[in-house]
Amino acid sequence: MQIKKWGIAMLMTIVLSKGYSQLKPEDVKTFTLPNQMKFLVVEDFSIPNANMYLFWKVGSRNEYPGITGLSHFFEHMMFNGSKKYGPKQFDKTMEFNGGANNAYTNQNVTVYTDWFPAKAMETIFDLEADRIRDLAIDTQMVESERGVVASEKSTGLENEPKTELWELLFATAYTTHSYRWPVIGYFEDIKNWSKDDLQSYFNTYYSPDNCVVVVSGAVKFDQVKAIAEKYMGSIPKNKPPKPMNLIEPEQKGERRVFVKKDVPTFNLMIGYHVPPTGKADYYALDLLDAILTNGRTSRLYKAVVDSLQLATEISSFTENSFDAALMVVDATGAKDKDPLLLEKTISDQIEKIKTEGVTAEELQKVKNQKLITFYGQIETINGKSNNLGIYEVFFGGYKKMFDAPQEYEKVTIDDIKRVAKTYLKKSNRTVAIMSPQVED
Amino acid sequence: MKKITLSIIITCVCITASAQQKFQLPKYTTFRLANGLTVNLMEQKEVPLISVALSLPAATIHDGLQAGLSELTAASLVSGSKNFTKDQIQDKIDFAGATLNAYSSQEFTRVYARFSAKTQDIIFGLLKDIVINPTFEEKEFEKLKTRKKASLEVAKQSPFSVINYYWNAMMYANHVYSNPSSGLISTVNAITADDAKKFHEKYYRPNGSVIAIVGDFNTAEMKAKITGLFGEWKKASGTIPNPAAEPVKMPEGANVLLVNKGDARETTFYIGAKGIAKNNADRVAIEVVNTVFGDRFTSWLNDELRVNSGLTYGAMSRFDANKYTGTFKILSFTATKTTFQTIDKALEVMNRLQKGIDDTTLQSARNYVVGLFPTDFETSGQLAALLNDMFIYGYDAAYINDFEKNVSQVTPAKAKEIIAKYFAKDKLQFLLIGKADEIREGAKKYGIVIEKEIKEDSYEVKGKKTF
């Protein structure tokens, strides 16, 4: 009883705090160069640093068998020399100027991240512009980078046995769409792609109109715009790539896969097809995801970890995706427990939501969690750039980021029930189990 | 009550454009309660959040033969306290969208929280009760132990997860810094809720502890609040002897610890020696030199092992500094068949370092460490942790405020001194986790090889007298 009273009071205080955040839509300024390269800029003088995040709309979904993993390999090659800054010079120059960088590739995008003292911004633009305009693919660098990527793949498998199950889950849930292969690619493809494949990939996807750039930090908008025009304004556009046209057919029955592996406790993953990021039911599904696994009071944690002790960990996750995505529930089994019992308990919990719904307090809880997460994400200049880029690329515009609290607020108990019924059904799922015991 | 105020409260910490080039620690207030608890308050108003870090002397160095006791005690705090049941604690945390947790490390237990300023009274109420009055209910404690044991077994599938425990066992031998913080399956099995209760009684005390609160609040109001909340926490009698102050005898001869992982596809390795204590006067200069050697993408190690030869996804070096001493290590991994080619290249780079560093390279490293330094202290959580570390390890704001000046003083001559003193190439120790049958013979060229099996419960090095 006491909790409930407090709950109502909390509900009010949290809602009141909305809109407090310093970052407002008008703080994000934008411009687009004549070559259609789009820029978002946030002036933030809290530390004397800035960053540049370049979101390229290319990832493993743009590959085909024979060149699987090429998007990720290409990301590595972007650091290996261009016309003005030859091999090693990109990193050497950036670090000499007090900057650092990294990059990541996933199924949908390739993102390059530069962090630097604000005074070094012009150098960073010069470096980025040079490799975007005039990447020089060096044969010798291709060969040594192959070894690097093979090591990257190998160390992932060595240190995270679940990687194998994750790959199998996607390979099973998708039969047609390119989400079916791992982002890092097949070992055989890593060994086989050629310099021509790389050049053709560069020409196809690294066109300025395929990129969104976000700059946040102790810099002025006018200064960013002037430097961007100077260094990137004249980079020519390429012919637009052929659109990725593969569509995953509707799943019409449950799929089950097993991996026999000498693991001390089994692993269980269940994947459900859901719509693309930012599309229909996105916010309701995101809240359902949190109701299931976010925190110790979430439905599944309480049931399978705390109460029945069938698992030691449980989480769920949906990657940002341009095409129909997969919501994955991922559990690490408890010692000597039965994977099928764990699976049944998870299913029963989901069924309960479909029939009985969730409580008003439970729904408010996950809305509150989303709000705090949002503040945490925009606390740093890196969080600002990353989130703005993601909303710009996946949600159809950075302004949607500021609508997110309202979008979450709109979701009702009936919405949660409805999306659970629509998407979390047996015929739409793939179950993957890794365990030492598999029937011969 | 003795009040020490280092700085005047300010309401805004916005750094103006003219101050851009030099990064300074934002102003904060510090004082000590009558019971000895040190309190640091720093306003940061960019987002309506508050971060708290509370560090207690409870630490794995006090685990004795009960490896994992400190960590289990910390993890139990949120499982129930005098005024709140486990469900009440967890409902309140989750409903507020807050984080409230605790972990234990070699030299402290840290309770940390992050929450909306609007829910601060609820979270502070919980934080106080779980720290001062946890109940260690037996049923919950047993559940935690079961999960812990399973995670220990899972960790043995991943060299990255366990390599530090082997390294500490090898380097610190009988010293308390070798205690494995997560415990062993056998020791966790034997620890009871009552053990945790006793550990709590002894090591969770206001005197000798520090709390830092950073975020969206008014300092005067927060001071009154914290004084009210934690003022009643009873001061513990006496001081806690610190077993880590005992001298450490690190291995000196050439030794190899080879940990067999039968299904390994690669070898994960450390090469290293004695390092430094956290408050070492040369800390900044060592950071600059190590940046060149192994702590950035273009470092000599990464350049040679990754960029030039494609032997690995990454190679680096680091100093892990504790309060009294630490270790230095090179770390990397490579396919089983290229194990010795990779280790030999790492040793070549180590040899090359002995010749010194040219000024252009040093200039680059100086720019690099200064350029990125502010990003380590950007969030309220980072700043709260920093204020805790300053108290635990005995350094002050000068570390931040004089960082740039100290970095600028690392000349080639200074670098040469630092290399001779802290990057000595003799006395190196080797730790390899991989497929023993394929690397046993080759490993012998580096020193006396002692073998262990990754599936064994203990990380302890048998026959470590030879080390």
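No experiment lies behind these values; they were computed from the predicted model shown. (Residues numbered from 1 in each chain as written. Chains lettered and ligands numbered in written order. Predicted model: local features only at pLDDT ≥ 70, side-chain atom pairs only at ≥ 80, totals over all residues.)

A. Structural context of the overall build of chain B. For chain B, the count of helices and strands is 17 helices and 12 strands. Each principal axis of the C-alpha distribution contributes one length, and for chain B these read about 65 × 60 × 40 Å. Split into buried and exposed, the 467 residues of chain B put 54% on the buried side. (Helix = DSSP H or I, 4+ residues; strand = E, 2+ residues; numbered from the N terminus. Buried ≥ 20, exposed ≤ 12 C-beta atoms within 10 Å, placed from the backbone.)

B. Representation of unusual backbone geometry within the structure. Residue and element names in this part refer to chain B. Positioned with a positive phi, Phe136 is a non-glycine residue whose angle comes to about 50 degrees. Checked against the element boundaries, Phe136 lands in the loop between helix H3 (120–132) and helix H4 (138–155). Classification of Phe136 by C-beta neighbours within 10 Å gives buried; the count is 22. In the Ramachandran plot, Ala173 falls in the positive-phi region, its phi being about 40 degrees despite a non-glycine side chain. With respect to the secondary-structure elements, Ala173 resides in the loop between helix H5 (159–172) and helix H6 (185–190). Take Ala173: there are 18 C-beta atoms within 10 Å of it, and that puts it in the partly exposed class.

C. Structural view of the sheet that holds strand E10 (residues 325–333) of chain A. Residues and elements named next belong to chain A. Strand order in the open sheet made by the five strands is E7-E11-E8-E10-E9, with mixed pairing throughout. Strands with a single pairing partner mark the edges of an open sheet, and in this sheet they are strand E7 (255–260) and strand E9 (311–318). Between one strand axis and the next, the sheet turns by 15 degrees as a mean value, whatever way the strands run. Of the strand pairs in this sheet, E7 and strand E11 (residues 429–435) are connected by six bridges, and their pairing is parallel. Paired with Arg255 across the strands is Thr430, a residue of E11. (Pairing = 2+ DSSP bridges. Axes fitted to C-alpha atoms, helices over the stretch in contact; angles between N-to-C directions.)

D. Quick look at the interface of chain A and chain B. In this assembly, 63 residues from chain A lie in contact with 59 residues from chain B. When contributions to the side of chain A that touches chain B are tallied by element, the ones reaching two or more residues are helix H1 (2–16), helix H3 (89–96), strand E5 (110–117), helix H5 (139–159) and helix H13 (360–377) of chain A. (Contact = placed C-beta atoms within 7 Å.)

E. How the structure looks around the pairing of strand E4 (residues 99–104) of chain B. Residue and element names in this part refer to chain B. Burial along E4 is one-sided: the face carrying Leu100, Ala102 and Ser104 is buried and the face carrying Thr99, Asn101 and Tyr103 is not. Relative to strand E5 (residues 109–116), E4 runs antiparallel, the two being bridged by six bridges. Counterpart to Ala102 in the pairing with E5 is Val111. Linking E4 back to E5 in an antiparallel pair, the connection comprises four residues.

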